[in-house]
Amino acid sequence: MGNFQKRDTFIPYNVPDITDAEINEEVDTLRSGWLAKGPKTLEFEKRFAAYLGAKHAVAVNSCTAALHVALLSQDIGPGDEVITTPMTFASTASTILHTGATPVFADIDYRTGCIDPAEIEKKITSRTRAIVPVHYSGQVCDLDRIYEIADEHGLFVSEDAAHALWSRYKGRLIGNGLRGTASYSFYATKNLCTGEGGMLVTDRDDIADRARILTSHGMSRNAWNRYAKGGSWKYDIVEPGFKYNMFDMQAALGLHQLERLEDMQARRLRIAARYQEAFVPMGALDMPEVPEYATHCWHLYVMRIRPEMLTIDRDQFIVELNERNVGTSVHFIPVHLMSAYRNRFGYQEGDFPNTEKHFERIISLPLYPTMTDEEVQYVIDAVQDIVEKYHK
């Protein structure tokens, strides 16, 4: 290339897409006097479920809460095992531990970054109760095979869909036609943002009913509106629960983010397509590969370097991007390499070779709806400049 010109300003890894519509709704909420869980939270649940084509949506304060409650709804606890992937954020595994059960890791399919069904089968024992597949980066797991395994062994499936709002499996939105649960994140970096927040989605009445109790201290139903006209101060604690509920100030953002989701997604798809097109000729990079059964929502754009074709490793590549004013991240440091899991379960490097190979090569590039075409092109030019400079 030879003529790369460094820009003066930094391109952040992520910037939330917040418009006047969200701001005005937030102001309306503040003026309404109802800041905690209230009518906007209930409306957000209703619209979110309708968008996915799901029967129930339970709004919570994080995807972590949703994952935890999903397992508790099945009385999973001490002595049980739950299979998940080490290529995820720590909360996926931590919520298993919080039930008292043991997380059991299965390696990924290197092609997709998602849990490998063949590896799941290897990890099933008489104590296995559930599978928590993670739709990594917006890429979709091989759900037919996972549910076949679950049905064969009588296992519950709790899909970690933190990255997968708008993703589809064989044309159907994740969260549509569930036999178990799907858990979503609305963290500041997500495709739909409420700052913090999440949603537990299910078609099962029993799970939804118990989730609503568990997420509000274990209170009997409808206790949330006990201070409103016609509400009752009388309530019961039917089981020890958690303070996991969403509140109206979060839902106010979510309502308008949901209205704008299709437009925001269209922009994400255009940026991802531009990256895919531009990086192929560079040779020293592996782009995300989307299986035929999947529609990727491009929550993340995770490219992999080919270290055998470069004189620098992934960490130095990130330094070089930062020096060129491009923000990045790494999704994720594998959970089994974290000291809490090494110390407790004795995991070592080499235990999950596909996961570790993937981790050593990945870089998450900026991808968000408010990126300009000029910023997208600059990221491409910066990557190309590094590849050319350090190509073997």
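Below, the structure is looked at part by part. (Residues numbered from 1 in each chain as written. Predicted model: local features only at pLDDT ≥ 70, side-chain atom pairs only at ≥ 80, totals over all residues. Heavy atoms only, no water.)

1. Points about the overall build of the protein chain
Secondary structure assignment for the protein chain yields 13 helices and 13 strands. Scaling as 2.2 N^0.38, a compact globule of 392 residues should have a C-alpha radius of gyration of about 21 Å, and the protein chain matches this with 22 Å. Counting only C-alpha atoms and orienting by the principal axes, one finds that the protein chain spans roughly 75 × 55 × 40 Å. Residues classed as buried in the protein chain amount to 58% of the 392 residues present. (Helix = DSSP H or I, 4+ residues; strand = E, 2+ residues; numbered from the N terminus. Rg over C-alpha atoms; globule rule 2.2 N^0.38 Å. Buried < 20%, exposed > 50% of the residue type's maximum accessible area, 1.4 Å probe, protein only.)

2. As for the pairing of strand β2 (residues 81–84)
Because side chains alternate across β2, one face comprises the buried residues Glu81 and Ile83, and the other comprises Val82 and Thr84, equally buried. Inspection of the sheet shows β2 paired to strand β3 (residues 102–105) by four bridges, in the parallel sense. Across the sheet, residue Ile83 finds its bridge partner in β3, namely Val104. A crossover connection joins β2 to the parallel β3 through helix α4 (residues 90–98); in handedness this β-α-β unit is right-handed. Both β2 and strand β4 (residues 128–132) contribute to a ladder of four bridges, which runs parallel. Considered in β4, the bridge of Ile83 is made with Ile131. (Pairing = 2+ DSSP bridges. Right-handed = clockwise from strand over helix to strand, strands pointing away.)

3. Overview of the pattern of salt bridges
Inspection of the entire model under this criterion finds 28 salt bridges. For Arg7, the salt bridge is made with Glu374, and the minimal N-O distance between the two is 3.0 Å. Here Glu374 lies in helix α13 (residues 373–390) and Arg7 lies in the segment before α1 (20–32), a separation of 367 residues in the sequence. A relative accessible area of 16% means that Arg7 is categorised as buried. Residue classification places Glu374 among the partly exposed positions, given a relative accessible area of 46%. One salt bridge in this structure joins Arg342 and Glu349, with 3.5 Å as the shortest N-O distance. Owing to a relative accessible area of 28%, Arg342 belongs among the partly exposed residues under this scheme. (Salt bridge = Lys/Arg side-chain N within 4 Å of Asp/Glu carboxyl O.)

4. Remarks on the sheet that holds strand β7 (residues 172–173)
Strand order in this open sheet of three strands is β7-β6-β11, and the pairing throughout is antiparallel. Each edge of the open sheet carries a strand with a single partner, namely β7 and β11 (294–295). Examined bridge by bridge, strand β6 (residues 168–169) and β11 share two bridges and lie antiparallel to one another. In the strand pairing of β11, Tyr169 is matched with Ala294.

5. Looking at the packing of aromatic side chains
A complete count under the given rule lists 19 aromatic pairs for this structure. Here the aromatic rings of Phe44 and Phe48 are separated by 6.0 Å at their centres, their planes lie at 70 degrees, and the arrangement is edge-to-face. Of this pair, Phe44 and Phe48 both sit in helix α2 (residues 39–52), four residues apart, roughly one helical turn. Among the residues examined, Phe44 registers a relative accessible area of 0% and is labelled buried. (Phe/Tyr/Trp six-rings, centres within 6.5 Å; stacked < 30°, edge-to-face > 60°.)

6. Topic: unusual backbone geometry
Look at the link from His331 to Phe332: it is a cis peptide, with omega at 5 degrees. Here Phe332 is to be found in the loop between α10 (314–323) and α11 (339–345). A positive phi is found at Trp166, a non-glycine position, where the angle reads about 90 degrees. Summarising the element assignment, Trp166 is placed in the loop between β5 (156–160) and β6. By relative accessible area, Trp166 is classed as buried at 12%. In this structure, His217 is a non-glycine residue whose phi angle is positive, near 70 degrees.

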